[in-house]
Amino acid sequence: MSLRDALKIPARQITEESVYQGRRTLLQAFAIAPALTLAGCADAEPPPPPRTVVTPAQARSGFRTSEALTRYADVTSYNNFYEFGTGKTDPSSAAKTLRTRPWSIAVSGECAKPGRIALDDLIKGLTPEERIYRLRCVEGWSMVIPWLGVPLGEVLKRFAPTSKAKYVAFTTLADPKQMPGIRYSSINWPYREGLRIDEAMHPLTLLATGLYGKPLPQQNGAPLRLVVPWKYGFKSIKSIVEIKFVEKMPETAWHDLQPSEYGFFSNVNPAVDHPRWSQKTERRIAGDASKLFANRIPTLPFNGYAAQVASMYAGLDLKKWY
Ligand SMILES: Nc1nc2c(c(=O)[nH]1)N[C@H]1C(S)=C(S)[C@@H](COP(=O)(O)O)O[C@H]1N2
Ligand SMILES: [Mo]
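Residues numbered from 1 in each chain as written. Chains lettered and ligands numbered in written order. Predicted model: local features only at pLDDT ≥ 70, side-chain atom pairs only at ≥ 80, totals over all residues. Heavy atoms only, no water.

### Digging into the side chain of Thr 205
- Structurally, the position occupied by Thr 205 is in the loop between helix H8 (197-201) and strand S7 (206-211).
- The exposure class of Thr 205 is buried, given its relative accessible area of 0%.
- Apart from the residues within four sequence positions on either side, Thr 205 is in contact with Val 150, Pro 151, Leu 152, Leu 195, Glu 199, Ala 200, Val 227, Val 228 and Trp 230. (Helix = DSSP H or I, 4+ residues; strand = E, 2+ residues; numbered from the N terminus. Buried < 20%, exposed > 50% of the residue type's maximum accessible area, 1.4 Å probe, protein only. Contact = heavy atoms within 4.5 Å.)

Rendered as structure tokens:
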């Protein structure tokens, strides 16, 4: 059975049933009750990052993988983009209404050269490269996707961040006219994400503009989205309209909704379970579609990118800073 056919089956049979039901139940609960802030370390700050240097050769070794690719049809029809609904096929059918031109990004905060900039100017002079990255969703499925994009760090440097820029905050468009899901799901829109500055500057962190050699489809986050391959998929924020350099750890949409389940770092970590399910294995949606349901593989620390990124977290208790 192809994934396309599989998609006609309710998504709960593709994702682990308990996982899917759990997240939905949570969302329904929060749709009734306003978001509660559970006990957590919301206002604590982690220790500062070590000064790590990733050599260009180390970084490049993470730019490709020989693992089987996820088919284009599957990459573009099995999505999470809650602004267009919570079902996996909702974004591919509902996101066609998203207008991606003209598009501009407002850059502000702790930097010498803030400003609103058109998408084309943001990436001017940088040639999009192809990077084949794994993307692992916190729900337990993963894909291998050939992205097109530019290193986020190269883009951020243009705005001359100051020494107070310890984090970078990102915001997705939130337009209820174009995004029907905004009326229904309980996330506090706009969708927000953040990275520590060294994570944002890391050569693996990609500002993606396309996949499979084509411009990004709307459901995958057109016209530009993050891809942070060593973190759970939700850190890879889509359809970005705002970038802000900040001194304090910024709030993020999933942490805001449920801090005990979604931490700021969200590094892929098989040793730290989500409170309601294990993160030890994942179901790879790739290659021979007939084996779709058999492709259960172990989840690797940092999603397999430990050689490139583990040194950034030296001295950080990854159970506390999940
Ligand atoms: N704005 C926004 N970005 C988002 C999401 C979302 O709901 N809204 N979902 C995240 C989640 S949970 C995942 S797993 C990835 C999925 O990316 P893909 O659909 O391109 O595979 O996008 C992330 N980025
Ligand atoms: Mo996800």
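### Brief notes about the sheet that holds strand S2 (residues 115-118)
- Ordered in space as S2-S1-S10-S5-S6, the 5 strands form an open sheet in which the pairing is mixed. Looking at which strands have only one partner, the edges of the open sheet turn out to be S2 and strand S6 (192-196). This sheet shows a mean twist of 20° between the axes of neighbouring strands, independent of strand direction. (Pairing = 2+ DSSP bridges. Axes fitted to C-alpha atoms, helices over the stretch in contact; angles between N-to-C directions.)

### Regarding the site of ligand 1
- As a matter of local geometry, ligand 1 sits amid 15 residues, with Asn 79, Tyr 82, Glu 83, Arg 225 and Lys 238 nearest to it.
- Within the side chain of Glu 83, an N or O atom sits 2.8 Å from a nitrogen atom of ligand 1.
- A distance of 2.9 Å separates a nitrogen atom of ligand 1 from a polar atom in the backbone of Ser 236.
- Alone, ligand 1 offers 540 Å² of accessible surface; in the complex the protein occludes 100% of this. (Near = heavy atom within 4 Å. Polar contact = N/O pair within 3.5 Å; in protein donor to acceptor, adjacent residues only side chain to side chain. Areas by Shrake-Rupley, 256 points an atom, 1.4 Å probe, with all protein chains shown as cover.)

### As for the packing of aromatic side chains
- What the rule picks out here adds up to 12 aromatic pairs.
- With a centroid separation of 4.9 Å and 80° between ring planes, the pair formed by Phe 81 and Phe 84 is classed as edge-to-face. With respect to burial, Phe 81 and Phe 84 carry one shared label: buried.
- These aromatic residues form a ring-pair network of at least three members: Tyr 167, Phe 264, Phe 265, Phe 302, Tyr 313 and Trp 321.
- Of note, Arg 134 hangs over the ring of Tyr 305, and the distance from its end group to the ring centre comes to 4.6 Å.
- Above the ring of Phe 264, the side-chain terminus of Lys 235 is found at 4.3 Å from the ring centroid. (Phe/Tyr/Trp six-rings, centres within 6.5 Å; stacked < 30°, edge-to-face > 60°. Lys NZ or Arg CZ within 6 Å of the ring centre and 35° of its normal.)

### Focus: the pairing of S6
- Across the 5 residues that make up S6, a large majority, 5, are buried.
- Of the two faces of S6, the one lined by Arg 192, Gly 194 and Arg 196 and the one lined by Glu 193 and Leu 195 are each fully buried.
- Bridging between strand S5 (residues 167-172) and S6 involves 5 bridges; their strand directions are antiparallel. Its bridge partner lying in S6, Phe 170 is registered against Glu 193.

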